[in-house]
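For reference, the chains in residue letters:
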Amino acid sequence: MSETTANDKAATAGDTDTTADDKATTGGDRATTVGDRAATAGDEAATAGAADIAGGEQDLGAAGSQLSTAPRETAVPGSFGGTRAPGVTGRLAWLGREVFGWCRWFWRQLTSMRIALLLLFLLSLGAVPGSLIPQTGTDAMKVQEFQRTHPTLGQVYDKLGLFHVYSSVWFSAIYILLFVSLIGCIVPRTWQFAGQLRGRPPAAPRRLTRLPAYTTWRTAADPEQVRQAALGILRQRRFRAHVAGDAVAAEKGYLREAGNLVFHLALIVLLVAFAWGQLYKTEGDKLVVEGDGFSNTLLQYDDFKSGSLFDDDHLVPFSFNLKKFTATYERTGPNKGTPRTFRADLTYSVGADGKEKRTAVEVNEPLKIGDARVYLVSHGYAPTVTVRDGKGRVVYHQAVPMLPIDSNETSQGAIKVLDGYTNPQGEQEQLGFAAFFVPTFAGAGKGTMFSQFPALDRPVLALTGYHGDLGVDAGVPQNVYQLDTRKLKQFKDAKGSIVKARLRPGETMKLPNGAGSITFDKEIKEWAGFQIVQQPGTGWALTGAVVAILGLAGSLFIQRRRVWVRAVPGPDGVTVVEMAGLGRSESARLPAELGDLAALVHERAPTTTADHDPDADHDPDADPAQEPDAATSVPAEGAEKK
Amino acid sequence: MTLAAATELATATNEHLANISNVLIYSAMAVYTLAFFAYIAEWLFGSRSKVARTAAALTAPAAAKAKAPSVTVRKGGGTTVLERPEVVVRSAAGARDVPDGPGAHGGDEQGDLYGRIAVSLTVLAFLIELGGVLARAASVQRAPWGNMYEFNITFSTVAVGVYLTLLALGKNVRWLGLFLATTVLLDLGLAVTVLYTASDQLVPALHSYWLYIHVSTAIVCGAVFYVGAVGTLLYLFKDSYENKLASGGKPGTFATSVLERLPASASLDKFAYRVNAAVFPLWTFTIIAGAIWAESAWGRYWGWDPKETWSFITWVAYAGYLHARSTAGWKGRKAAYIALIAFGCWLFNYYGVNIFVSGKHSYAGV
Ligand code: HEM
């Protein structure tokens, strides 16, 4: 386990220190750290000398640099203007530098990892209240209820936009800032990465021993031969490799950085697609009784909402008819009554005069036409009733949709005869019936008008009638399922008691004094509630999401690493081969990979046994000539607590 | 046979299978309990050992630490065998060089024996529990992810499966055993008492193959996040312990006994990171699969439903954790706190939102 530990610590080392000079990338930071360490080492071993300490600065400088394109936090606020030249122009120039400096500083702050982290944190924190406080977008009724029960708190919440968190100013501010920060971070990183791709892996650092994975051996092969062998092997292993000075420099795993950039770019695509969809979204409801139809124009909707940039002629032109609605329910067991299937069989046509096609819409299977989707969201019964006047003339014959009020489809509704009815006195009048419908009646004498089962097993329609003025013409929007009884008189019989009846299909309730009758017809239709949604950009959002996952996988599962192979003649003329690896992600694979590569190189340049001090086999450090760097007896770096 | 008779027969087998499933789950609990005691025994016997490698590594005089990297070049013994050169690994800047602890048994032979028994019992319990989950699936004739009872039993099965897989891959994770056995017992206890729901089929909104994809990956993510969270928590303890030692403090004997046996804080941290990072793309996928399902079931792919919102919060929190690890000044403990908060969000999303907040996802069948 300690093997892997060491490697990964090295991997993160690059970004620990942020005091590096402006030009340095994370690798520069590493140079500083390593330099410090070299100094420590130098104290302990005089042989290291001052030159070595200075050299330490460059030890890993270029070699460790640019293993990541993460932004550095280098800008320090302060006087950006520098010295102010005398005169007005000097003043202006100074002011310009100052303003520019501050702007740049703010921009760097905004696009720094720290601020990104802060914004991520704020984003998740900001999303919390919306999940705990009722939202107008999802449940406006609950919001009203909340405001009624908590008047003062409700007002405060309202001021803070807490009833519509996800479209509130402050929530938008967070994600827009994050978005800006994301773009400000991604664009320069992409350029930087493109530069890295064009360049070549950096040359080997002076002291390969300092790298997290290291190996060395002596060989009879000639240095040039070793380098060429290593170059071939590394290239075969798909490393980008070249010979730089006395060593081969190689790098692999660029896909990690690419994946990370792709991930962040895909997030931008996803966000734009989502915002686009919200702005142009439309969402409307329509209740359709079997046999009736719908065509997609604004007027036909029962209820319609749209995004702020929506325009009427954005509606996809299509129409459909509901041929049949089918529902089945669990008949037995503890979950008796639970719905099993809901299906609406439709015929539909696209455009003004498209060809008619058949289809079925189910709960998870909407009808898709262009950007529009037709979802099945609710259903209920629509018993057919016939109303006759005193002379037996049919004044009303219609399937009336009833609104379910429980899971067994106990339903409530109102039958409104608006015109065509004349009372026995010869006056024009309106009729209204308050209706209760149950698909499965408990049975006479059971005293309940609640349905026992959601299917049409034993339907009963309970009615009571009114006459007078329905109040429909007053211009006030009316609930179609309820009667406004303020200007209505209830039908009463000769004894003054209310006229009401529980009808079975085919039965008729007579209205008193020859006022006519109402019949519960045998034909009971069903209705289906459709939600018609049009949201552009969904495809883009999905694409963004899928690409984001691929990028993320690349960024998290691929590791970027460098390998150097140095071959130089030792003082005794025997070639010393050193190999070292450096990675930046937290993976255990680097030492193993270096071992594999070393084995391959070793095969071509095997260890020499010729005139070699046997002791050195086990402790080469004892022989300073053989391995000059190790001679300084560098402490294991983790040993000191930093 | 008439159709009615066939249905009745089917119902009878279903109930039979459901009963078998229940018996298996209870049996699994019994075996987990035995495993739990075996793990306890492992820790107890292990406490006899007086290893103090961490202390030694952190308090030894500087000269002793300054060992040179042991570069070994091996000769090719005979003449034909070419041995590979040995790779030297060193720790890097800013990290402590602390060896991993020996594990719960602390090098004690008897402790190790109990540890092995515990692992064997865990394997047995895992198989029984898996049988229980499968029987449940057969009884409801669908994937067993329709309500919280089923989530819980699947969840702990997967968590134990992850642990056993890591063990089988030769990873140093046996120290997870006791923590896992404890929480699995809690999880199952909750499942059979509070959350139990008779086996049943699904309402139409849940009939979708996206259910299988979305819910199964969600459960896997939860189980893996849980394993990561245990690693993170132990990292925090071990890190404090190492800090205390390094600054010359004297930790209590209990803390010493337990923490000495755990892996080094750096190893725990890395373990937690790898686990979380590996599962983060899967969690991203889970949310997207959920959005696809929501699009076909409810007419919008994203509607800030409480469940969706908390999945998002969890996602952002884990992204924050990954970010923190590459942000200067946020590595180590601070990042670990973020990871724990992120797991807290996951837990709330599961228990909190299912039980206390009503939304479209409220068919969890509590
Ligand atoms: C807003 C500005 C952002 C900046 C400046 C930024 C920057 C970065 C950088 C530099 C990395 C690479 C770190 C590394 O290689 O380890 C990274 C990784 C990552 N970022 Fe971002 N990012 C931003 C936004 C986001 C957002 C909004 C998310 C998603 C919620 C996100 C999720 C991630 C993830 C998951 C990683 C992978 C971490 C890893 O490789 O360990 N980032 N980000």
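Each chain carries its own residue numbering, running from 1 in the direction its sequence is written. A letter from A marks each chain and a number from 1 marks each ligand, given out in the order of writing. Only residues with pLDDT of 70 or above have their local features reported here, since the model is predicted, and side-chain atom pairs are shown and tallied only from 80 upward, although totals for entire chains, interfaces and linings are computed over all residues. To obtain the side-chain values, all non-hydrogen atoms of the structure were included, while hydrogens and water were left out.

With an unreviewed UniProt entry as reference, chain B is termed C-type cytochrome biogenesis protein CcsB, source organism Streptomyces echinoruber.

Naming follows an unreviewed UniProt entry, where chain A appears as Cytochrome c biosynthesis protein of Streptomyces echinoruber. UniProt positions are given in the numbering used here, feature names are shortened, and annotations may be inferred rather than shown by experiment. Checking UniProt for chain A, the heading Subcellular location (unreviewed entry) contains the comment "Membrane".

Participant: Residues and numbers for the overall build of chain B, please.
Facilitator: Helix and strand definitions follow DSSP, with helices as H or I runs of at least four residues and strands as E runs of at least two, each counted in order from the N terminus. Counting its secondary structure elements, chain B contains 11 helices and one strand. Element order for chain B, N to C, with α for helix and β for strand: α-α-α-β-α-α-α-α-α-α-α-α. Residue contacts are defined here by distance: any two heavy atoms, one from each residue, within 4.5 Å place the two residues in contact. Long-range pairs, those at least 24 residues apart, make up 82% of the contacts in chain B between residues at least 6 apart in sequence. For chain B, the accessible area works out to roughly 14,700 Å², and carbon and sulfur atoms hold 69% of it. All accessibility values rest on the Shrake-Rupley procedure with a 1.4 Å probe; residue burial counts only the protein chains present in the view.

Participant: Hey, could you go over the sheet that holds strand β3 (residues 247-252) of chain A for me, with residue numbers and the actual values?
Facilitator: One open sheet accounts for six strands, arranged β2(A)-β3(A)-β21(A)-β22(A)-β1(A)-β1(B); its pairing is antiparallel. Looking at the sheet topology across the chains shown, the edges are occupied by β2 (240-244) of chain A together with β1 (88-89) of chain B. Pairing between strands is defined by DSSP: at least two bridges between them are needed. With nine bridges joining them, strand β21 (residues 561-569) of chain A and strand β22 (residues 575-583) of chain A adopt antiparallel strand pairing. Across the sheet, Pro569 of chain A pairs through a bridge with Thr575 of chain A, a residue of β22 of chain A.

Participant: So what about the coordination of the iron atom of the ligand? Which residues, and what values?
Facilitator: Only nitrogen, oxygen and sulfur atoms within 2.8 Å of the metal, or 3.2 Å for Na, K and Ca, are treated as donors, and water is left out, so sites may look incomplete. The protein atoms donating to the iron atom of the ligand are His264 of chain A (NE2) and His323 of chain B (NE2), with metal-donor distances spanning 1.9 to 2.0 Å. A site with four donors is called tetrahedral when every donor-metal-donor angle falls between 85 and 135 degrees; four donors are called square planar, and six octahedral, when opposite donors sit more than 155 degrees apart and all other angles fall between 65 and 115; any other arrangement is irregular. Given six donor atoms and angles of 83 to 178° at the metal, the environment of the iron atom of the ligand is assigned as octahedral. Taken together, the residues span two chains, with His264 of chain A in helix α11 (residues 254-280) and His323 of chain B in helix α10 (residues 306-324). With respect to class, His264 of chain A is no different from His323 of chain B; both count as buried. Remark: exposure states derive from per-residue accessible area (1.4 Å probe, protein chains only) relative to the maximum for the residue type, with buried under 20%, exposed over 50%, and partly exposed in between.

Participant: Before we move on, could you go through the nonpolar core and cite the residues and values that matter?
Facilitator: Tyr32, Tyr163 and Trp315 of chain B are the most contacted members of the largest nonpolar core, which totals 135 residues. Residue contributions to this core peak at 18 residues, all from helix α7 (residues 209-246) of chain B. The residues touching Tyr163 of chain B, leaving out its near neighbours within four places in the chain, are Tyr39, Val119, Thr122, Val173, Arg174, Leu176, Gly177 and Leu180 of chain B. Here, the term nonpolar core denotes a set of buried Ala, Val, Leu, Ile, Met, Phe, Trp, Tyr and Cys residues that are joined through side-chain atoms within 4.5 Å. Formed by 27 residues, the second largest nonpolar core is a distinct cluster that contains Phe294, Phe342, Tyr348 and Leu376 of chain A.

Participant: Provide a residue-level description of the side chain of Thr232 of chain B, including the pertinent values.
Facilitator: All names here are of chain B. Its location among the elements puts Thr232 in helix α7. For Thr232, a relative accessible area of 3% corresponds to the buried category. If near-sequence neighbours (up to four positions away) are discounted, Thr232 is found in contact with Ala272, Asn276, Ala336, Ala339 and Leu340.

Participant: Which residues make up a nonpolar patch on the surface, and what are the values?
Facilitator: On the surface, Val88, Leu92, Leu95 and Val99 of chain A cluster together to form a nonpolar patch covering roughly 380 Å² of accessible area. The residue Leu92 of chain A is located in helix α5 (residues 87-110) in this model. Patches draw on residues past 30% relative accessible area with no salt bridge. Two like charges within 9 Å are joined, as are two nonpolar side chains (Val, Leu, Ile, Met, Phe, Trp, Tyr) within 5 Å. Here a salt bridge means any side-chain nitrogen of Lys or Arg lying within 4 Å of a carboxyl oxygen belonging to Asp or Glu.

Participant: Could you give me a rundown of the environment of Lys331 of chain B, with the residues and numbers involved?
Facilitator: Mapped onto the elements of the fold, Lys331 of chain B is located in the loop between α10 and α11 (333-356). With 214 residues separating them along the chain, Lys331 of chain B and Ile117 of chain B place their C-alpha atoms 38 Å apart.

Participant: Quick one: what's the story with the sheet that holds strand β8 (residues 339-350) of chain A, residue by residue and with numbers?
Facilitator: Neighbouring strands of a sheet are bound in pairs by backbone hydrogen bonds; such pairs are parallel or else antiparallel. All names here are of chain A. Here we have four strands laid out as an open sheet, ordered β5-β7-β8-β9, and antiparallel in their pairing. Every other strand in the sheet has two partners, leaving β5 (293-295) and β9 (357-362) as the edge strands with one partner each. Adjacent strand axes in the sheet meet at a mean angle of 30°, parallel and antiparallel pairs treated alike. In this structure, β5 lies alongside strand β7 (residues 318-329), joined through three bridges in antiparallel fashion. Among the inter-strand pairings, Phe294 is bridged to a residue of β7, identified as Phe320. Fitted lines through C-alpha atoms give the axes, limited to the stretch in contact for helices. The angle between two N-to-C directions lies from 0 to 180 degrees.

Participant: Would you mind going over the packing of helix α5 (residues 148-168) of chain B against helix α6 (residues 177-193) of chain B in detail, with residue names and values included?
Facilitator: All names here are of chain B. Two elements in contact, α5 and α6, have axes whose closest approach is 8 Å; the angle formed by their N-to-C orientations is 165°. With respect to α6, the element α5 is oriented roughly antiparallel. For α5 against α6, the interelement crossing comes out left-handed. Together, Tyr149, Asn152, Ile153, Phe155, Ser156, Ala159, Val160 and Tyr163 of α5 and Gly177, Leu180, Val184, Asp187, Leu188, Leu190, Ala191 and Val192 of α6 make up the contact between the two elements. Orientation is classified from the angle alone, with under 35 degrees giving roughly parallel, over 145 giving roughly antiparallel, 65 to 115 giving roughly perpendicular, and any other angle giving oblique. Crossings are classed by handedness, with left-handed meaning an anticlockwise turn of the near helix from the far one by less than a right angle and right-handed meaning a clockwise turn.

Participant: Break down unusual backbone geometry for me, citing the residues and quoting the values.
Facilitator: Residue and element names in this part refer to chain A. Unlike most non-glycine residues, Glu409 shows phi in positive territory, near 70°. Tracing the chain through its elements places Glu409 in the loop between β13 (403-404) and β14 (411-417). Residue classification places Glu409 among the buried positions, given a relative accessible area of 6%.

Participant: Which residues make up the pattern of salt bridges, and what values do they have?
Facilitator: Here the structure, examined in full by the defined rule, presents 25 salt bridges over all chains. A salt bridge links Lys305 of chain A to Glu283 of chain A; the shortest N-O distance between them is 3.9 Å. Within this pair, whereas Lys305 of chain A is found in strand β6 (residues 303-306), its partner Glu283 of chain A is found in strand β4 (residues 282-289), the two being separated by 22 residues in sequence. The exposure class assigned to Glu283 of chain A is partly exposed, which follows from its relative accessible area of 22%. Residues Glu150 of chain B and Arg136 of chain B are paired through a salt bridge, measuring 2.8 Å at the closest nitrogen-oxygen approach. Of this pair, Glu150 of chain B sits in helix α5 while Arg136 of chain B sits in helix α4 (residues 109-140), and the two are 14 residues apart along the sequence. The class for Glu150 of chain B is buried, based on a relative accessible area of 0%. Here the salt bridges share partners, and the residues they tie into one network are Arg189, Glu251, Glu257, Arg560 and Arg562 of chain A.

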